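# Structural characterization, general
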Amino acid sequence: MVKFSKELHAQLIPEWKEAFVNYWQLKKYIKKIKLNRRIPQLDDRNDFDFSFLDRVNSIGRKISSTVTGGGEKREIIQARRHGGDEEAQYETDLDQLFSERDEIIEFFERLNEELNKVNQFYKTKECEFLERGEILNKQLQILLDLKQVLHDWSRKSFPSRSDLGSLPQSDSSSARSSEYSGIPPESEEPQSDGPAVDDVIAALERNRLHVIDSGQHQTKKGMRKVAMRIDIPATTPTRIITAVTSMLWEDLLNSPKKEIRDDFNNWKKIKCAEKMIRGAFVELYRGLGLLKTYSSLNMVAFTKILKKFDKVVNQQASGTYLKVVKRSHFISSDKVVRLADEVEPIFTKHFANNDRKKAMKYLRPQQHEESHMVTFLVGLFTGSFATLFSIYAIMAHLSGMFSATAEAGYVETVYPIFSMFALLSLHIFLYGCNLFMWKSTRINYNFIFDFSLSTALKYRDVFLICTSFMTMVVGSMVVHFLLRSNGFSPLHVDVMIPGILFLLFTGLLICPFNIFYRSSRYCLMRVMRNIICSPFYKVLMVDFFMADQLTSQIPLLRHMEFTTCYFLAGSFKTHQYATCTSSKLYKELAYVISFLPYYWRAMQCARRWFDEGDINHIANLGKYVSAMLAAGARLTYAMSPTPLWLGTVIATSSVATLYQLYWDFVKDWGLLNPKSKNPWLRDDLILKRNSIYYFSIGFNFVLRLAWVETIMPLNIGKMDYRLLDFFLASLEIIRRGHWNFYRLENEHLNNVVKFRAVKAVPLPFREMDSDD
């Protein structure tokens, strides 16, 4: 049977952990009571006599307290509430039976504090969600009314294009429908079936909607056109372009073509607004579910701890207190349940076409179950990888492939191509380790990255991807080696094996069929698109987190450059492997590829500063600019090693390293706080041992200095140079995987401090300013 403390730890909401009953602290009080009751008080005779008489008197009081006042039961514990519903505070009075027990008094004082804490937090969140629910109801009503208005406008203004972007008419309230049912017809004379455009504008503005009357200029038919101003965030390039063009068109004369364009754009705005409101309803429902879980878990915690108290003191003393708990606000209030019951039919009707099953996929996404087959395949591919790698190492050693006299062409072709896949597999493996550690330490990475519970990868899934991929890579290396050793033409072998591996990997990535984690593959491609198109997309946590990973994969990108040149330039035919590395274009592209990850990350910082106005993003941008300068200086020094460029490399790399170390420790990890209760760390730590954090600081510091190798005059062969290059690239990936854990730990703790367990979704219709 699982202990309740472990069950509570597994089920509680990580971001609200501090607001839950501190069950573990209350258990310590129970243990203290239990230990004090076991201590024999036999120091002297008088103490023994007093203890004996005290026990007799206690038994007498217990018997007399069972029936008093005409047979009414007298409670040992008296719990009462002070204040109204908004600021209720609970206090407990103990019977004389417990009055001499200081540890019992301390226990109930702490219990009162926990009950007051739970009630206060529940009331705060309940008010927050109820207010959010009211706002969403207003937003939905405005959305339905606007659909009705645009539908009528499209039907009356353009009868020949009545199907242009039309949506089904909504079932809005009769009062609002009567207000918006009349839209100006095409003729100049107003019809009797509805009000004019001015009435429509006035009705919309009464609903606190920003509306622009763009009909200051009459059209040829005498009509006036209503243009809506809806707060749709410019999160994509299309929306950015639309926002800019709308500003340019705002002061221009209307034309029939522009009327059609406005009508179409209005429907696009409505679609975006509908999507935003749908997401807000999903988050509201999720928050209500979390609050219900919070209420039920705390109730069970109070029940369990009071049962433990009764068992220790051997009294049925907690019944009255438990009744008070059950009457407290976080249990007695049904507002959350009623609001959740209201959200379900609303969402089903307006966002799921009355399909409850479809609605529940949004409101209650189910996490996919663990499969034993995944674990079996991970073990199978791990064993296959180890076996194939051992075979490859033995054959390479026996043939002298890695000796100084070995054929240079093999190293020139095998290393850039196969090491590219090896570095990628190492990064995937470390991501799986990160997922395992985040899950073990209760870091809510799915919420931070905004991953769907039904499709999010688990660490076993990532390990399956990694092991299967590495098995293919090492298997390809073995086949490549065997074919070349048995006299097959290098012209065919050097093209066929890497080409098949590359096509297989690309095919799996873009495969449209719902196999091999399609949702995760497409999510990766969307994130890469957002990174490449920075700063035109709104930057989310997963976007800049992935962009940070790319800054550690610059060697992989360089290998991709060589591989592309190797196939396009036809080096595999002539075996002139210096064709690529000696060309001017190749060297210039090396600068571009080394700069790109830092440039993308810098553009993300600029976009976040533009959206949020936080000056820290500008400071973060400076970190990536310094990294670009350092990377450029190291590349130039590698091509022309002169004392001037050596000094430039040392200066720029030192500045960039200090900048990066400060940002790693202080900003990304939240460490190096001199006023922290944990010396030079932070107040809240998820890992139990402080020594791990000190080791991580030193480990990150050492690996950040790997650039020193580029200025060391090492006399090594081509083979050793390739292996050293691969080793240093692997160390940088290991550093990034190590950095990932603490970065997300700090993000999670920031959410915990703010009790942020539900995503804040922006709404399209904002209230008008007072001076409008």
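Residues numbered from 1 in each chain as written. Predicted model: local features only at pLDDT ≥ 70, side-chain atom pairs only at ≥ 80, totals over all residues. Heavy atoms only, no water.

Quick look at the overall build of the protein now. Per the secondary structure count, the protein includes 27 helices and four strands. The burial tally for the protein puts 44% of its 772 residues in the buried class. Only carbon and sulfur atoms are counted for the fraction: they give 60% of the accessible area of the protein, which is about 41,000 Å². (Helix = DSSP H or I, 4+ residues; strand = E, 2+ residues; numbered from the N terminus. Buried < 20%, exposed > 50% of the residue type's maximum accessible area, 1.4 Å probe, protein only. Areas by Shrake-Rupley, 256 points an atom, 1.4 Å probe, with all protein chains shown as cover.)

For the structure on display, the rule yields 36 aromatic pairs. Arranged with centres 6.2 Å apart and planes meeting at 45°, the rings of Phe302 and Phe330 form a pair that is tilted. Of this pair, Phe302 sits in helix H8 (residues 256-313) while Phe330 sits in helix H10 (residues 329-332), placing them 28 residues apart in sequence. Residues Phe302 and Phe330 agree in their burial class; the two are buried. On the basis of an interplanar angle of 65° and a centroid distance of 5.6 Å, the ring pair of Tyr693 and Tyr742 is categorised as edge-to-face. (Phe/Tyr/Trp six-rings, centres within 6.5 Å; stacked < 30°, edge-to-face > 60°.)

Of all residues in the protein, 73% have pLDDT values of 70 or greater, and the mean over the chain is 80. Contacts from residues 210-227, a stretch scored under 50 in pLDDT, to residues over four places away or in other chains number 47 contacts. pLDDT under 50 marks residues 251-261. Its contacts with residues more than four places away, or in other chains, come to 14 contacts. (pLDDT = per-residue confidence, 0-100. Contact = heavy atoms within 4.5 Å.)

A few words now on the nonpolar core. Side chains that are nonpolar tend, in soluble globular proteins, to be buried together. Membership of the largest hydrophobic core comes to 70 residues, with the highest contact counts inside it found for Trp16, Phe107, Leu111, Tyr294 and Phe309. Mapped onto this core, the elements with two or more residues apiece are helix H1 (4-11), helix H2 (23-38), helix H4 (102-157), H8, helix H9 (319-327), helix H11 (335-351) and helix H12 (356-363). Considering every element that reaches this core, the biggest residue donor is H8, with 21 residues. Not counting residues within four places of it along the chain, the set of residues in contact with Trp16 comprises Phe121, Lys125, Phe129, Gly287, Leu290, Leu291, Tyr294, Phe755 and Ala757. (Core = buried A, V, L, I, M, F, W, Y, C linked by side-chain atoms within 4.5 Å.)

Between its terminal C-alpha atoms helix H25 (residues 643-668) stretches 35 Å, which fits the 38 Å expected from 26 residues at 1.5 Å a residue. Buried residues of H25: Val649, Ser653, Ala656, Thr657, Gln660, Leu661, Trp663, Asp664, Phe665 and Asp668, and no others. Just downstream of H25 lies Gly670, where phi reads positive at about 70°. (Expected span 1.5 Å × (residues − 1).)

Where like charges cluster on the molecular surface, the positive patch consists of Lys3, Lys6, Lys28, Lys31, Lys34, Lys304, Lys307, Lys308 and Lys311. The element that contributes the greatest number of residues to the positive patch is H8, accounting for four residues. Here Lys308 is to be found in helix H8. (Patch = residues over 30% accessible without salt bridge, like charges linked within 9 Å, V, L, I, M, F, W, Y side chains within 5 Å. Salt bridge = Lys/Arg side-chain N within 4 Å of Asp/Glu carboxyl O. Lys, Arg positive; Asp, Glu negative; His and termini not counted. Charge placed at Lys NZ, Arg CZ, Asp CG, Glu CD.)

Moving on to the state of the cysteines. Inspection of the entire model under this criterion finds zero disulfides. Cysteine Cys433 remains unbridged, with the sulfur of Cys466 as its closest cysteine sulfur at 8.4 Å. Cys433 gets classed as partly exposed once you look at its relative accessible area, which sits at 27%. (Disulfide = S-S within 2.5 Å.)

What follows deals with the pattern of salt bridges. Taken as a whole, this structure holds 19 salt bridges when the rule is applied. A salt bridge links Asp548 to Arg601, with the shortest nitrogen-to-oxygen separation between them at 3.1 Å. Here Arg601 lies in helix H23 (residues 584-612) and Asp548 lies in helix H19 (residues 541-551), a separation of 53 residues in the sequence. Overall, Arg601 belongs to the buried group, its relative accessible area being 3%. Close ionic contact of Arg607 with Asp611 constitutes a salt bridge, the shortest N to O distance being 2.8 Å. Taken together, the residues span about one helical turn, with Arg607 and Asp611 both in helix H23 at a distance of four residues.

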